[in-house]
Amino acid sequence: MTATPLAGLPPLRPFRIWLAPNPSPNQAPGISMESSRSLLHLLRLFGRALLSLLRHLATPWRLLSLVTLHEFFLHLTFLFCGLRPVTLHLDEACVHLWAPAPTRRRRLNRHALVLVHGFGGNSKWQWNHQIGALSRSFDLYIPDLVFFGSSRSAGSDRSVGFQASCIAEAMRSLGVARYSVVGISYGGFVAFRMAEGPAAGAVQRVAILASGVCATPLQLRDLTTKEGRDVCELLLPQKAEDLMTLIRRSMYRHPQWIPAFWLQDFIEVIYEKQRKERTELLKRLLEKGIDLDPIPVLDQDTLILWGDKDDIFPLSFAHQLHRHLGEKSRLEVLTDAGHALQLEKPDEVNYLIEQFIKGVAGINLS
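Residues numbered from 1 in each chain as written. Predicted model: local features only at pLDDT ≥ 70, side-chain atom pairs only at ≥ 80, totals over all residues. Heavy atoms only, no water.

Draft legend 1. Molecular detail of the packing of helix α10 (residues 240-250) against helix α11 (residues 260-271). The interhelical angle for the contact between α10 and α11, taken along N-to-C directions, is 90°, at an axis separation of 8 Å. On the basis of the axis angle, α10 is roughly perpendicular to α11. Only Ala260, Leu263, Gln264, Phe266, Ile267 and Tyr271 of α11 make contact with α10, whose side of the interface consists of Ala240, Leu243, Met244, Leu246 and Ile247. Of the residues contributing to the contact of α10 with α11, the split by class is ten nonpolar, one polar and no charged. (Axes fitted to C-alpha atoms, helices over the stretch in contact; angles between N-to-C directions. Helix = DSSP H or I, 4+ residues; strand = E, 2+ residues; numbered from the N terminus. Parallel < 35°, antiparallel > 145°, perpendicular 65-115°, else oblique. Contact = heavy atoms within 4.5 Å. Nonpolar A, V, L, I, M, F, W, Y, C, P; charged D, E, K, R; others polar.)

Draft legend 2. Structural detail: the pattern of salt bridges. Overall, the coordinates contain 19 salt bridges when judged by the stated rule. Residue Arg284 is joined to Asp291 by a salt bridge in which the shortest nitrogen-to-oxygen separation is 2.6 Å. Since its relative accessible area comes to 29%, Arg284 is described here as partly exposed. By relative accessible area, Asp291 is classed as partly exposed at 31%. Glu332 is the partner of Arg330 in a salt bridge, and the nearest nitrogen-oxygen pair spans 2.7 Å. One network of salt bridges, with partners in common, ties together Arg253, Asp308, Lys309 and Asp336. (Salt bridge = Lys/Arg side-chain N within 4 Å of Asp/Glu carboxyl O. Buried < 20%, exposed > 50% of the residue type's maximum accessible area, 1.4 Å probe, protein only.)

Draft legend 3. Main features of the confidence of the model for the protein. Residues with a pLDDT of 70 or more make up 79% of the protein, whose mean pLDDT is 85. Here residues 6-31 is modelled with pLDDT under 50, and outside its nearest four sequence neighbours on either side it reaches 49 contacts, counting other chains as well. (pLDDT = per-residue confidence, 0-100.)

Draft legend 4. Examining helix α2 (residues 66-80) more closely. Helix length check: α2 (15 residues) gives 21 Å between terminal C-alpha atoms against 21 Å at 1.5 Å per residue, within 8%. Along α2, the residues that are buried comprise Val67, Thr68, His70, Glu71, Phe72, Leu74, His75, Leu76, Thr77, Phe78 and Leu79. Two to three positions downstream of the cap, the backbone nitrogen of Val67 sits 3.2 Å from a side-chain oxygen, assigning the N-cap of α2 to Ser65. (Expected span 1.5 Å × (residues − 1). Polar contact = N/O pair within 3.5 Å; in protein donor to acceptor, adjacent residues only side chain to side chain.)

Draft legend 5. The sheet that holds strand β5 (residues 179-184), seen in detail. Across the sheet, which stays open at both edges, the eight strands sit in the order β1-β2-β4-β3-β5-β6-β7-β8 with mixed pairing between neighbours. Looking at the sheet topology across the chains shown, the edges are occupied by β1 (83-89) and β8 (329-334). Taken pair by pair, the neighbouring strands of this sheet meet at an average axis angle of 20°, ignoring direction. Here strand β6 (residues 203-209) pairs with strand β7 (residues 301-307) via five bridges, running parallel. Counterpart to Arg205 in the pairing with β7 is Asp301. Strands β3 (112-116), β5 and β6 of the sheet are contacted by helix α7 (residues 186-196), whose axis makes an angle of about 150° with β5. Sitting on the sheet, helix α13 (residues 315-325) is in contact with β6, β7 and β8, with an inclination near 170° to β7. (Pairing = 2+ DSSP bridges.)

Draft legend 6. Broad picture of the side chain of Ser153. Within the secondary structure, Ser153 is located in the loop between β4 (139-143) and α6 (160-173). Among the polar contacts made by the side chain of Ser153, one reaches the main-chain carbonyl oxygen of Glu92 at a distance of 2.7 Å. Among the polar contacts listed, one links the side chain of Ser153 to the backbone nitrogen of Gly155, at a separation of 3.1 Å. Contact partners of Ser153, with chain neighbours within four places excluded, come to Glu92, Ala93, Val146, Phe147 and Phe162.

Draft legend 7. Structural context of the nonpolar core. By size, the foremost hydrophobic cluster in this structure holds 82 residues, and its most contacted members are Tyr179 and Val190. By residue number, the principal contributor to this core is α6, which donates eight residues. Judged by nonpolar contacts, the second largest core, of 30 residues, contains Phe78, Leu115, Leu209 and Ile357. (Core = buried A, V, L, I, M, F, W, Y, C linked by side-chain atoms within 4.5 Å.)

Draft legend 8. Highlighting the packing of helix α8 (residues 217-227) against helix α12 (residues 275-288). Axis separation between α8 and α12 bottoms out at 6 Å; the angle between their running directions is 120°. When the axis of α8 is compared with that of α12, the two are oblique. Contacts between α8 and α12 involve Pro217, Leu220, Arg221 and Thr224 from the former and Leu285, Leu286, Glu287 and Lys288 from the latter.

Draft legend 9. Region of the structure containing a nonpolar patch on the surface. On the surface, a cluster of nonpolar side chains totalling about 380 Å² of accessible area is made up of Leu66, Leu69, Phe73 and Phe261. Examining the composition of the nonpolar patch, we find that three residues originate from one element, α2, more than from any other. Inspection of the secondary structure assignment puts Phe73 in helix α2. Phe73 sits in the partly exposed class, given a relative accessible area of 31%. (Patch = residues over 30% accessible without salt bridge, like charges linked within 9 Å, V, L, I, M, F, W, Y side chains within 5 Å. Areas by Shrake-Rupley, 256 points an atom, 1.4 Å probe, with all protein chains shown as cover.)

Draft legend 10. Layout of the pairing of β3. Burial analysis of β3 places five of its five residues in the buried class, which makes it a mostly covered element. Here β3 shows a buried face lined by Ala112, Val114 and Val116 and a second buried face lined by Leu113 and Leu115. Here β3 pairs with β4 via three bridges, running parallel. If you follow Leu113 over to β4, its bridge partner there is Leu140. Here β3 pairs with β5 via four bridges, running parallel. Bridging from a neighbouring strand, Leu115 pairs with Val182 of β5.

Draft legend 11. A look at the side chain of His339. Its location among the elements puts His339 in the loop between β8 and α14 (341-344). Of the polar contacts made by the side chain of His339, one reaches the side chain of Ser185; its length is 2.9 Å. Side-chain polar atoms of His339 contact the side chain of Asp310, separated by 2.9 Å.

Here's what the structure looks like:
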């Protein structure tokens, strides 16, 4: 029910200083006005990322954390891709998300695409391999689910439907009338609920990655029984060895070794905030599943992506969802990929999502 958040940071876009053959009298020799503006823009992005990092640090010593430093560079990557952090105070929750910068929204009129993460981190850690490719074709909206990242709620609702309602309300607050949605693992449950319920009239297409949407509560209980341990210990790890186990279970080609201090650092930075609420979310999911009986068939075209080596949700769940959705769905199985397929096979995942959302021949299901 999670996609592991650990992966290498994608390279930042190169920054070039163009040499000006004929500088103006008021301009520094050898540097063009374009490069000066680019340098100023780069410094502004760096400053915004640093201020955001300082604002969310619980204690100053966290500046020495390698995970915090990595998160800072993830923040910069999102900024470089034309995204800006936005915090929305809704009726039942406070939702933090990444949205296109105002200048980009005015300049480009493109299809809006919402990316919904799973249990293994927050929006930055789970979608950092997608934003570079997908931001070139779509206006991206990437929320932190409630009780993840900086999103929170004082209410007691822990259902998948509540998460779907919060994102749907956030998109309405931003004035986005039509969009498609992609969800990975737990985020796939949320994407499905958005498409059938609070955002049914807004969602155009749906992509579900490695998410046991059609699994019955009995099937989910069977999965937890086979673990032979409390699933919360695996999916919300508190010890370095538990996080390493989660990584091995989530990725087919996983790292053979990660320093224990780095793993523990990651747990303290990413998993300790709102742990109680996330545990309640997970228990509600395992008890109720998608929380719909019967599970409806979506009106939207749906792309289902799955890794053939998924050790969290078995491939049989993919076929179960495909049969349920029928002819308006398409199943693509990626070879040698585990549960975190968006990290292990980012190029294939990005290509399939882009072609599907654009309705390119061969992927179009209409």
